[in-house]
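Coordinate inspection notes
These are the residues of each chain, in order.
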Amino acid sequence: MKRPIFTGSATALVTPFDRAGVLDLDTLGALIDWQLASGTDGLVMCATTGECATLSDHEWETAVAFALQRVDGRIPVIAGTGRNDTRHTLELCRRAKQLGAQGVLTVTPYYNKTTQIGLVRHYTTVADGSDIPMLLYNVPSRTGLSFTAESYAALAGHPNIYGVKEASGDFGLILKTRALCPPDFALYSGNDDQIVPILALGGLGVISTMANVIPAESHKICALWAAGEEEAAASLQVRCQPLIEALFREVNPIPVKAALALMGRDSGVLRQPLTEIGPVAANELQKAMTAFGLI
């Protein structure tokens, strides 16, 4: 049996850049310290919320290595390694292992996409060539490509493939995946508004965007469920919903960085082509944060 890389809430952490657009490690350290103090169960570095598509390999390595040093083994650190080139993905997975990451999160190839056969071959090649626990990442709204349950089943038995971050919102797919895959194929919610439903289907937690802003509450939803307090977990999930909607009113992580700024927690600027939040979304975000008691 494979042991889960983590259970509970892992924050898909933003990547801070200073006003000159340079990776800001001092600010990153402050964000990591706050996450640790808030009880988050894991950190995912340099993935979608971390603006991975705009990071050079050197910046990626610098941020992952810094996080591992700062966390110092207190919680798992998972590196985002998904690229649209199998060779590049494999290279990053190998480097994550060398740096000491506890796992990798590997999104499906994007833009060039592939067939389901190609998808299985891509992940098999990467998993065969890198001895590190891997989580698949299914987010068709961004990649234009989705796993089938049959493809999950074809990969679930690989000794280095531990589970999936499921952000398709397709509960038929998720239910069929649970039926076809072994019990040790871990399921994590990739959508903050679906944490409790995923937990109800046997999920182990969430890889969360909202946990950048409310890490304690994201952790608490999962902890309440694990403690058998399902009604309380569901109630907290519902309470978070207006904030979740506001955090995804524009492309992630635009609202997240805006929210952190409103809270007085620096997360730096966005990298182009992302731009600052628009006035309508900013107003909705401020109202949701005020209602939640964050500002």
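Residues numbered from 1 in each chain as written. Predicted model: local features only at pLDDT ≥ 70, side-chain atom pairs only at ≥ 80, totals over all residues. Heavy atoms only, no water.

Points about unusual backbone geometry
Cis geometry is found at the peptide bond from Asn252 to Pro253, where omega equals 10 degrees. Phi is positive for Tyr111, close to 70 degrees, though the residue is something other than glycine. Structurally, Tyr111 can be placed in the loop between strand 4 (103-107) and helix 4 (116-129). (Helix = DSSP H or I, 4+ residues; strand = E, 2+ residues; numbered from the N terminus.)

Observations regarding the packing of helix 11 (residues 254-262) against helix 12 (residues 279-292)
For the pair helix 11 and helix 12, interaxial distance at closest approach is 11 Å and the crossing angle is 55 degrees. Considered as vectors, helix 11 and helix 12 are oriented oblique to each other. Read as a crossing pair, helix 11 and helix 12 show a hand that is right-handed. For the pair helix 11 and helix 12, contact is made by Pro255, Ala258, Ala259 and Leu262 and by Leu285, Gln286 and Met289, respectively. Considering only residue class, the contact of helix 11 with helix 12 consists of six nonpolar, one polar and no charged. (Axes fitted to C-alpha atoms, helices over the stretch in contact; angles between N-to-C directions. Parallel < 35°, antiparallel > 145°, perpendicular 65-115°, else oblique. Left-handed = near helix turned anticlockwise from the far one by under 90°. Contact = heavy atoms within 4.5 Å. Nonpolar A, V, L, I, M, F, W, Y, C, P; charged D, E, K, R; others polar.)

Things to note about the pairing of strand 5 (residues 134-138)
Most of strand 5 is tucked away, with five of its five residues classed as buried. Side chains Met134, Leu136 and Asn138 project from strand 5 onto one buried face, and the interleaved Leu135 and Tyr137 project onto a second face that is buried too. Sheet topology note: the strand 4/strand 5 ladder contains four bridges and is parallel. Across the sheet, residue Val107 finds its bridge partner in strand 5, namely Tyr137. What joins strand 4 to strand 5 is helix 4, and the crossover it makes is right-handed. Across five bridges, strand 5 lies against strand 6 (residues 161-166) in parallel orientation. For Tyr137, the partnering residue across the bridge sits in strand 6 and is Lys165. (Buried < 20%, exposed > 50% of the residue type's maximum accessible area, 1.4 Å probe, protein only. Pairing = 2+ DSSP bridges. Right-handed = clockwise from strand over helix to strand, strands pointing away.)

Considering the packing of aromatic side chains
Here a ring pair, both rings aromatic, is described through the centre-centre distance and the interplanar angle of the planes. Using the criterion set out here, one finds four aromatic pairs in the structure. Between Phe147 and Tyr152, the aromatic rings sit 4.5 Å apart at their centres with planes inclined by 20 degrees, giving stacked as the arrangement. A single burial state applies to Phe147 and to Tyr152, both of which are buried. Seen in terms of ring centroids, Tyr152 and Phe185 are 5.9 Å apart; in terms of plane orientation they differ by 50 degrees. Their pairing is tilted. One end of the pair, Tyr152, is in helix 6 (residues 149-156); the other, Phe185, is in the loop between helix 7 (171-180) and strand 7 (186-189), and 33 residues separate them in sequence. With respect to class, Tyr152 is no different from Phe185; both count as buried. Cluster of aromatic residues (ring-pair linked, three or more members): Tyr123, Phe147, Tyr152 and Phe185. (Phe/Tyr/Trp six-rings, centres within 6.5 Å; stacked < 30°, edge-to-face > 60°.)

Considering the packing of helix 2 (residues 57-71) against helix 3 (residues 86-99)
Packing of helix 2 against helix 3 brings their axes to within 10 Å, and their N-to-C directions diverge by 30 degrees. Taken together, the axis directions place helix 2 and helix 3 in an arrangement best described as roughly parallel. Crossing of helix 2 against helix 3: the hand is right-handed. From helix 2, Asp57, Trp60, Glu61, Val64, Ala65 and Leu68 reach across to helix 3, where they touch His88, Glu91, Leu92, Arg95, Ala96 and Leu99. Of the residues that constitute the contact of helix 2 with helix 3, the class distribution is seven nonpolar, one polar and four charged.

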